[in-house]
Amino acid sequence: EKFNDADPPRKIDFIRAYAMEFPDRPNSPVFAVERFIAGKGSYGAGFTKHNTNSGFVDLDLHRITPQVFSAYSFYASQGTRLVA
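So, how was this worked out
Residues numbered from 1 in each chain as written. Predicted model: local features only at pLDDT ≥ 70, side-chain atom pairs only at ≥ 80, totals over all residues. Heavy atoms only, no water. Helix = DSSP H or I, 4+ residues; strand = E, 2+ residues; numbered from the N terminus. Buried < 20%, exposed > 50% of the residue type's maximum accessible area, 1.4 Å probe, protein only. Areas by Shrake-Rupley, 256 points an atom, 1.4 Å probe, with all protein chains shown as cover. Patch = residues over 30% accessible without salt bridge, like charges linked within 9 Å, V, L, I, M, F, W, Y side chains within 5 Å. Salt bridge = Lys/Arg side-chain N within 4 Å of Asp/Glu carboxyl O.

### Looking at the overall build of the protein chain
Here's step 1: Within the protein chain one finds 2 helices and 2 strands.
Here's step 2: Going residue by residue from the N terminus, the α and β elements of the protein chain occur as α-β-β-α.
Here's step 3: With 84 residues in all, the protein chain has 19% of them scored as buried.
Here's step 4: For the protein chain, the accessible surface area stands at approximately 7,200 Å², while carbon and sulfur atoms represent 54% of it.

### Some points on a nonpolar patch on the surface
Here's step 1: Together, Tyr18, Met20, Phe31 and Val33 line one region of the surface with nonpolar side chains, adding up to about 370 Å² of accessible area.
Here's step 2: Looking at the nonpolar patch, the elements that each hand over two or more residues are β1 (17–21) and β2 (30–34).
Here's step 3: Note on placement: Met20 falls in strand β1.

Rendered as structure tokens:
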């Protein structure tokens, strides 16, 4: 919300994501969970994945807002968080 409050040229929408830890399983695995988006294509109608935590950046769409938001999250958290 702070990013959008700064009145960027393009605002962002959030999809809530969660981390689930299974402490009773061997090595206590942790899984990332986000809502399923139904529709055409890999990610659903009207949704485009612009970047990921594993380093993927969608360069074909010529959008910089997602990458700017990722950088903003890093600097606003004083280097403790990076949202991709």
